[in-house]
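An overview of the molecular structure
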Amino acid sequence: MCGIVGYVGGKQAEPYLIGGLRRLEYRGYDSAGIVTISDKGPTLVRAKGKVVELEAKTKKQGAKGTIGIGHTRWATHGEPS
């Protein structure tokens, strides 16, 4: 089972994506990621572990853009990544 959330609007997408993934999160997810799109192109940030790990990595890397999608993963096949 995975969770997917998206945002298209006039504000920065990252807080909405992280917030949406938090609402979808439950025990069992092993990784999460977001992609945001700005005028400079797409930015991908992904992290193993809970959404809080993704949020910390996003703060370090930055994920500017007003369009984005977020995804949580539960490894039913292969190793957590």
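Calculation notes
- Residues numbered from 1 in each chain as written.
- Predicted model: local features only at pLDDT ≥ 70, side-chain atom pairs only at ≥ 80, totals over all residues.
- Heavy atoms only, no water.
- Pairing = 2+ DSSP bridges.
- Helix = DSSP H or I, 4+ residues; strand = E, 2+ residues; numbered from the N terminus.
- Axes fitted to C-alpha atoms, helices over the stretch in contact; angles between N-to-C directions.
- Contact = heavy atoms within 4.5 Å.
- Parallel < 35°, antiparallel > 145°, perpendicular 65-115°, else oblique.
- Left-handed = near helix turned anticlockwise from the far one by under 90°.

1. A word on the sheet that holds strand β1 (residues 3-8)
Pairing is antiparallel in the open sheet, where four strands are placed in the order β1-β4-β2-β3. Two strands lie at the open edges of the sheet, namely β1 and β3 (41-48), each paired on one side alone. Taking each pair of neighbouring strands and ignoring which way they run, the sheet shows an average axis angle of 10°. Packing of helix α1 (residues 14-24) onto the sheet brings it into contact with β1, β2 (31-38) and β4 (67-73), and relative to β1 it is tilted by some 155°. The strands touched by helix α2 (residues 51-61) are β2, β3 and β4; relative to β3, the strand with the most contacts, the crossing angle is about 140°.

2. With respect to the environment of V35
Examined against the element boundaries, V35 turns out to sit in strand β2. Sequence-wise, V35 and H71 are 36 residues apart; in three dimensions their C-alpha atoms are separated by 9.1 Å. When residues no more than four places from it in sequence are discounted, the contact partners of V35 are L17, P42, T43, L44, I67, G68 and I69.

3. Re the packing of α1 against α2
Geometrically, a packed helix pair is captured by the angle between its two axes and the distance between the axes. Where α1 contacts α2, the two axes come as close as 10 Å, and the packing angle between them is 170°. As far as their axial angle goes, α2 and α1 are roughly antiparallel. Considering how the two elements wind past one another, α1 and α2 form a crossing that is left-handed. Along the contact surface, α1 presents E14, I18, L21 and R22, while α2 presents V51, L54, E55, T58 and K59.

4. Some points on the environment of S38
On the secondary structure map, S38 appears in strand β2. Apart from residues no more than four positions distant in its own chain, S38 is found in contact with K64 and G65.

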